[in-house]
Structures are given as C-alpha cells and as structure tokens.
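Topology and contacts: notes
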Amino acid sequence: PGRGEEPGGRTAADPSSLSTVPVFVFPPTLEFYAEDQSSHKQVLTLYNPFPRVLRYKVLSTAPLRYTVIDAEGLVRPNSCIDIVTRHRDIRARHFGTTDRFRVEVWEEGGGRGVIGRKDIPATLHPTKPEPRERAARDTTAWRPPAHLFSMRQGVQRPLSPGLFSLYVLVGLIALLVLMLPLHGDPRSLLHENLHVSVVQKLVAAYVLGLLTMVFLQA
C-alpha cells in the first residue's frame, strides 16, 4: 500500500476508527485497609463512551498480591464493566506500599495495538482513617465549591433546595447526553439533530463526575 494507506485500500485517517483515546476508570485510586476485610475487595468501573467495541486488559506491578476477576475482556459502546480486584497479601511489611494497576484498551478488530492506558494507584493501609482525617485528605486533593462550606467555622453546609434541584437537572442532562448516539451511527433511529460528538460525551462525563463529588461531599 502507498503512504498513509492500510491493506485493503483504507486510509490511516479513516474517521470510523479511533486514534489515541482517554481511558475512563473509576475510582482513580484504590485504598485497602488491613483491619477492614470488606475493603480487601475493590471494584474498578471501566466506561466506554465511544461508538466502537473496546478490548481491555488489566496489568499490575505486583500481580502476586492481587486477584483480578475479568482482567481481560470487551466493553460495548456506551457501556461500562466492573472489574473486581482483591488484595490477597495483607501483611504488615506491605503497609504503606503503593502498587499500580494499568488498564490498557484497544479497538476490537482494529489491529492497531493499544490506543489508551491509565494507571490506578493501589495502597495498603494498616487501619482505616477516622472520618475527620479522611475528609481532610480528600479536601486536599479536591476542593469543592466554596459555597458548600462555612469558611468561618470549617463545617459543611447542606445544599439549598434550589441549588440541589439545579444540580440534579444538570446531572440528568449530562446523563441524557451520554445516552444519545454519536454522529454517523447508522444503527440509531433518532434524528441527526439528536446525535452528539465524542467531545460532547466527554464533557458530559466530566460534568457528571464533578456533580457526583459534590453530592458525596454534601
């Protein structure tokens, strides 16, 4: 084939194929606590907002310490899948050790190799932090809108009914955008004006994530 072409006459710039893509995995970190057996099993949720089926694989820097259920598989378009991870080496010598999971994705049948990856830190702690310590650590990593907190007393204020309704409305709109078909999807029965782009879906997913954090903090 000539330059910029692939076997079969398809150009490398074919818009129907995915190039490098972000990987949407939640939560962004895993925290295990030795004294809390319920925390020894954690769930990673992998979301695919794209019009193509994605194949994924989960790697680890310490594979002997963890069991990963469904470490490889497929994620259908506009769908998500839960990946269960279990820490199986709860010993004191591993306290404070941070391992990493790497989630790699590639287009099913695309033959182009990995098109996206994301690392998820996983840390083993001896005990679960007190609620105040955990809140202080969480607010250091992410600071919610100032109107949610009393700056004078440092205590959390409840959301007003009007603001809560606005957040719920925005969240529903973002969820609706994620459910709409992408531009050029031939399987969709909706009018073209109701189709959205990949960028719009990414923005909607980002807004929905921020609202989730606001509701958790509230």
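Remember, it's a predicted structure, so these values are computed and weren't measured experimentally. (Residues numbered from 1 in each chain as written. Predicted model: local features only at pLDDT ≥ 70, side-chain atom pairs only at ≥ 80, totals over all residues. Heavy atoms only, no water.)

Some words on the overall build of the protein chain
Of regular secondary structure, the protein chain possesses three helices and nine strands. Taken from N to C terminus, the helices and strands of the protein chain fall in the order β-β-β-β-β-β-β-β-β-α-α-α. Relative to all contacts within the protein chain whose residues are 6 or more apart in sequence, the contacts with residues 24 or more apart total 61%. Within the structure as shown, the protein chain displays about 13800 Å² of accessible surface, and the carbon and sulfur contribution to it stands at 58%. (Helix = DSSP H or I, 4+ residues; strand = E, 2+ residues; numbered from the N terminus. Contact = heavy atoms within 4.5 Å. Areas by Shrake-Rupley, 256 points an atom, 1.4 Å probe, with all protein chains shown as cover.)

Examining helix α2 (residues 161-179)
Helix length check: α2 (19 residues) gives 27 Å between terminal C-alpha atoms against 27 Å at 1.5 Å per residue, within 8%. Those residues of α2 not exposed but buried are Tyr167, Gly171, Ala174, Val177 and Leu178. All buried residues of α2 project into a common sector of 120 degrees when viewed along the axis, lining one side. Facing away from the buried side of α2 by more than 90 degrees, the exposed set consists of Pro161, Gly162, Leu172 and Met179. (Expected span 1.5 Å × (residues − 1). Buried < 20%, exposed > 50% of the residue type's maximum accessible area, 1.4 Å probe, protein only. Arc of directions from axis to C-beta.)

A look at the sheet that holds strand β1 (residues 24-26)
One open sheet accounts for four strands, arranged β1-β3-β7-β5; its pairing is antiparallel. This sheet does not close on itself; its edge strands, each paired only once, are β1 and β5 (66-69). Ignoring which end each strand starts from, the neighbouring axes of this sheet average 25 degrees apart. Sheet topology places β5 next to strand β7 (residues 79-87); four bridges connect them, and they run antiparallel. (Pairing = 2+ DSSP bridges. Axes fitted to C-alpha atoms, helices over the stretch in contact; angles between N-to-C directions.)

Overview of the UniProt feature "transmembrane region" (unreviewed entry) in the protein chain
Mapped onto this numbering, the UniProt entry annotates "transmembrane region" (unreviewed entry) at residues 162-182 and 194-216. End C-alpha atoms of residues 162-182 are separated by 32 Å, and the span's content is 86% helix alongside 0% strand. As a span, residues 194-216 carries 83% helix and 0% strand, and end to end its C-alpha atoms are 31 Å apart. (UniProt positions renumbered as here; feature names shortened; annotations may be inferred.)

A short note on the pairing of strand β8 (residues 98-107)
Looking at chain direction, strand β4 (residues 54-60) and β8 are connected through seven bridges and run antiparallel. Along β8, the bridge assignment pairs leucine 59 with arginine 102. Sheet analysis places β8 next to strand β9 (residues 116-125), joined by eight bridges and oriented antiparallel. Bridge pairing in β9 links valine 103 to lysine 118.

Overview of the nonpolar core
Membership of the largest hydrophobic core comes to 31 residues, with the highest contact counts inside it found for Val25, Leu30, Leu46, Tyr56, Phe101 and Val105. Contributions of two or more residues to this core are made by β1, β2 (30-33), β3 (41-48), β4, β8, β9, α2 and α3 (198-217). Among all residues touching leucine 46, those that are not within four sequence positions of it are Val23, Phe24, Val25, Tyr56, Val75, Ser79, Cys80, Ile81, Ile83, Val103 and Val105. (Core = buried A, V, L, I, M, F, W, Y, C linked by side-chain atoms within 4.5 Å.)

Considering the sheet that holds β8
Spatial ordering of the open sheet is given by β2-β9-β8-β4-β6, a layout of five strands whose pairing is mixed. This sheet does not close on itself; its edge strands, each paired only once, are β2 and β6 (72-75). The sheet shows a mean angle of 25 degrees between the axes of neighbouring strands, direction not considered. Where β4 meets β6, four bridges bridge the pair, whose relative direction is antiparallel. Its bridge partner lying in β6, lysine 57 is registered against glutamate 72.

Describing a nonpolar patch on the surface
On the surface, a nonpolar cluster with roughly 550 Å² of combined accessible area is contributed by Phe164, Val168, Leu172, Leu175, Met179 and Phe215. At five residues, α2 tops the list of elements feeding residues into the nonpolar patch. Relative to the elements of secondary structure, phenylalanine 164 occurs in helix α2. (Patch = residues over 30% accessible without salt bridge, like charges linked within 9 Å, V, L, I, M, F, W, Y side chains within 5 Å. Salt bridge = Lys/Arg side-chain N within 4 Å of Asp/Glu carboxyl O.)

Brief notes about unusual backbone geometry
For the bond from phenylalanine 26 to proline 27, the omega torsion is -5 degrees, close enough to zero to count as cis. As for its placement among the helices and strands, proline 27 is situated in the loop between β1 and β2. Even without a glycine there, the phi angle at aspartate 70 is positive, about 60 degrees. Take aspartate 70: it is sitting in the loop between β5 and β6.

Some words on the environment of glutamate 31
Here glutamate 31 shows up in strand β2. For the pair glutamate 31 and glutamine 42, spaced 11 residues apart in the sequence, the C-alpha separation amounts to 8.3 Å.

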